[in-house]
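Observations on the three-dimensional arrangement
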Amino acid sequence: MERIRILVTGGTFDKEYNELTGELYFQKTHAGDMLKLGRCLLDVEIETLMMIDSLQMTDADRQSILARCLAVSEKRLVITHGTDTMEQTAAALGPAVPGKTIVLTGAMVPYTFGSSDGLFNLGTAMAFVQTLGAGVYVAMNGRCFPWYSVRKNKKAGVFELREDRRRKS
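The notes below deal with the structure included here. (Residues numbered from 1 in each chain as written. Predicted model: local features only at pLDDT ≥ 70, side-chain atom pairs only at ≥ 80, totals over all residues. Heavy atoms only, no water.)

Remarks on a nonpolar patch on the surface
Applicable threshold: Exposure above 30% relative accessible area and no salt bridge define the residues that can form patches, which grow by joining like charges within 9 Å and nonpolar side chains of Val, Leu, Ile, Met, Phe, Trp and Tyr within 5 Å. Note on areas: these come from Shrake-Rupley sampling with a 1.4 Å probe, and a residue is covered only by the protein chains present in the view. Whenever a carboxyl oxygen of Asp or Glu lies within 4 Å of a side-chain nitrogen of Lys or Arg, that contact is scored as a salt bridge. Between buried and exposed lies partly exposed: a residue is buried under 20% and exposed over 50% of the maximum accessible area for its type, with that area taken using a 1.4 Å probe on protein chains only.
Taken together, the side chains of Tyr17, Leu24 and Phe113 make up a nonpolar region of the molecular surface, amounting to roughly 290 Å² of accessible area. Its relative accessible area of 41% is what places Phe113 among the partly exposed residues.

Set out below in structure tokens:
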């Protein structure tokens, strides 16, 4: 079994709640705890690249993610990412990382809230990264999309095919 590298970038996935101020903040990633809770038996290496809200992510941050994807020896990577700009990061990686399978995933609700979709999304991303061919994908809500055809529907709170990329029947 090939090792899978998880690159952590922050996002709602890893946010904590300060009960005194009502603010969300970052402390550490929950990816390891989530894999343990899910009884994951895969060979996984977790690496924290940054802990930021994706709304604050810059093009320089995306270039750092790209550089790390190219530098690591693993051919299968999962990137935890905030959902607001996940499609932009996927688009930055898609044409630039040949020969690797990269799946971006995130959460709409922080893991520490107990009702998060993060555990499910991480689990599906781990399954998709093992079964898909080389390319960059976004996995959310049990669905997986190639980087060039995904968008976040902010009204519905789900990821879907972009209108201009849907198949004509």
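A short note on the pattern of salt bridges
Heads up, the condition is: The helix and strand labels rest on DSSP assignments: H or I over at least four residues marks a helix, E over at least two residues marks a strand, and numbering proceeds from the N terminus.
Counted under the stated rule, the structure contains 11 salt bridges. Residue Arg3 pairs with Asp43 through a salt bridge whose shortest N-O separation is 3.1 Å. Of this pair, Arg3 sits in the segment before β1 (4-10) while Asp43 sits in the loop between α1 (31-37) and β4 (44-52); the two residues are 40 residues apart in sequence, bridging distant segments of the chain. Looking at Arg3, the relative accessible area reads 36%, which means it is partly exposed. Taking relative accessible area as the criterion, Asp43 reaches 33% and is therefore assigned partly exposed.

Here's the deal with the sheet that holds β1
Spelled out, the test is: Between any two strands, at least two bridges found by DSSP are needed for them to pair. Axis definition: a line fitted to C-alpha atoms, limited for helices to the stretch in contact. Angles are taken between N-to-C directions and run from 0 to 180 degrees. What makes two residues a contact is simply this: any of their non-hydrogen atoms within 4.5 Å.
Within the open sheet, the 6 strands sit side by side as β4-β1-β5-β6-β7-β8. Their pairing is mixed. Lying at the two open borders of the sheet, with one neighbouring strand each, are β4 and β8 (143-146). Sheet twist, expressed as the mean angle between neighbouring strand axes with direction ignored, is 20°. As paired elements, strand β5 (residues 76-80) and strand β6 (residues 101-105) share 5 bridges and run parallel to each other. Pairing of Thr80 across the sheet is with Thr105, part of β6. Strand contacts of helix α2 (residues 59-71): β1, β4, β5 and β6, with the helix running at about 165° to β4, the strand carrying the most contacts. Strands in contact with helix α3 (residues 86-93) are β5, β6 and β7 (135-140); relative to β6, the strand with the most contacts, it is inclined by about 170°.

Concerning α2
Side chains that are three or four residues apart share a direction in an α-helix, a result of its 3.6 residues per turn. Condition: One fewer than the residue count of a helix, multiplied by 1.5 Å, yields its expected span. By arc we mean the arc of the directions from the helix axis to the C-beta atoms, nothing more.
The first and last C-alpha atoms of α2 sit 18 Å apart over 13 residues, in line with the 18 Å expected at 1.5 Å per residue. Three or more residues of α2 are buried, namely Arg62, Ile65, Leu66 and Cys69. For α2, the buried positions fall inside an angular range of 100° around the axis, keeping them on one side. Exposed side chains of α2 directed beyond 90 degrees from the buried face belong to Ala60 and Ala71. The elements touched by buried residues of α2 are β1, β4, β5, α3 and β6.

Description of the nonpolar core
What counts here: Residues belong to one nonpolar core when they are buried, are Ala, Val, Leu, Ile, Met, Phe, Trp, Tyr or Cys, and are joined through side-chain atoms within 4.5 Å.
Among the nonpolar cores identified, the biggest contains 21 residues, and Cys69, Ile79, Leu93, Ile102, Leu104 and Val138 are the most heavily contacted of them. Secondary structure elements with two or more residues in this core: α2, β5, α3, β6 and β7. Among residues more than four places away in sequence, those in contact with Leu93 are Ile65, Leu66, Cys69, Ile79, Ile102, Leu104 and Val136. With 16 residues, the next largest nonpolar core counts Val8, Met34, Leu35 and Met126 among its residues.

All quantities given are derived from atomic positions and should not be read as evidence of function.
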